[in-house]
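As a plain string of letters, each chain reads:
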Amino acid sequence: MDSLIPFTTSGSLVDCVDRKMLVVLRDGRKLHGVLRSYDQFANLVLEDTVERIYHGKAFAEHWHGLFLIRGENVVLLGEIDLDQEDDVPLQQVDYSVLDPYHRRDIANKKAREDFKSKVLYEQKGFCKEGGEGDGY
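Residues numbered from 1 in each chain as written. Predicted model: local features only at pLDDT ≥ 70, side-chain atom pairs only at ≥ 80, totals over all residues. Heavy atoms only, no water.

In the annotation of an unreviewed UniProt entry, the chain is listed under the name U6 snRNA-associated Sm-like protein LSm1 and assigned to Rhizopogon vesiculosus. Database annotation for the chain, UniProt heading Function (unreviewed entry): "Component of the cytoplasmic LSM1-LSM7 complex which is involved in mRNA degradation." Quoted straight from UniProt, the Subunit (unreviewed entry) entry for the chain says "Component of the heptameric LSM1-LSM7 complex that forms a seven-membered ring structure with a donut shape." (UniProt positions renumbered as here; feature names shortened; annotations may be inferred.)

So this is what it looks like as structure tokens:
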């Protein structure tokens, strides 16, 4: 019976080591890299890491190299299918071209979230907790 219970701990990451992974962080960043190590707290070590930003039908990558991620900041972790990775219908552009648009998108999203929080607080009585930038 115990063998039918799936891993729900960091032990389930053992099959992901040495594979190219996508990691989405709580602050919204999307990292692509090879998972090299992890610990019991799901802290991750990624090698050959790039941060990808998106705007419209374009994306750009910023090289980070070796990257240590605290486990509590991970929202999503998934393996990248290397056979389909190049079939993505997006155009890669230089990071410096896309960065201003990406920053504007982030600012617009923050403004919408702040407005929504204000309305919920003033009109519906919701509390202001959780406004530290934790979008998940």
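Novice: Before we go on, may I ask you to explain the packing of aromatic side chains in this structure?
Specialist: The description of an aromatic ring pair rests on the distance of the ring centres and on the angle between the ring planes. For the structure on display, the rule yields 1 aromatic pair. Ring centres of Y54 and F59 lie 6.4 Å apart, and the angle between their planes is 40 degrees; on these two criteria the pair is classed as tilted. The exposure class of Y54 is partly exposed, given its relative accessible area of 29%. Here R52 stacks its cationic end above the ring of F59, 4.2 Å away from the centre of that ring. (Phe/Tyr/Trp six-rings, centres within 6.5 Å; stacked < 30°, edge-to-face > 60°. Buried < 20%, exposed > 50% of the residue type's maximum accessible area, 1.4 Å probe, protein only. Lys NZ or Arg CZ within 6 Å of the ring centre and 35° of its normal.)

Novice: Sorry if this is basic, but what is going on with the nonpolar core here?
Specialist: The nonpolar side chains of a soluble globular protein tend to be buried with one another. Formed by L13, C16, M21, V23, L25, L31, L35, L44, L46, F67 and I69, the largest nonpolar core amounts to 11 residues. In terms of residue count, strand β1 (residues 20–25) provides more of this core than any other element does, 3 residues in total. If near-sequence neighbours (up to four positions away) are discounted, L35 is found in contact with L13, C16, V17, D18, R19, M21, L44, V45 and L46. (Core = buried A, V, L, I, M, F, W, Y, C linked by side-chain atoms within 4.5 Å. Helix = DSSP H or I, 4+ residues; strand = E, 2+ residues; numbered from the N terminus. Contact = heavy atoms within 4.5 Å.)

Novice: Explain the pairing of strand β2 (residues 30–38) to me, please; I cannot follow it from the model alone.
Specialist: On a regular strand, one side chain projects to one face of the sheet and the next to the other, so that they alternate. Bridge analysis of β1 against β2 gives 5 bridges, and the strand direction is antiparallel. In the sheet register, L22 faces β2, and the bridge partner there is H32. With 7 bridges joining them, β2 and strand β3 (residues 44–55) adopt antiparallel strand pairing. Residue pairing in the sheet places V34 in a bridge with E47 of β3. Between β2 and β3, which pair antiparallel and follow one another directly, the connecting turn spans 5 residues, one of which, A42, has a positive phi of 65 degrees. (Pairing = 2+ DSSP bridges.)

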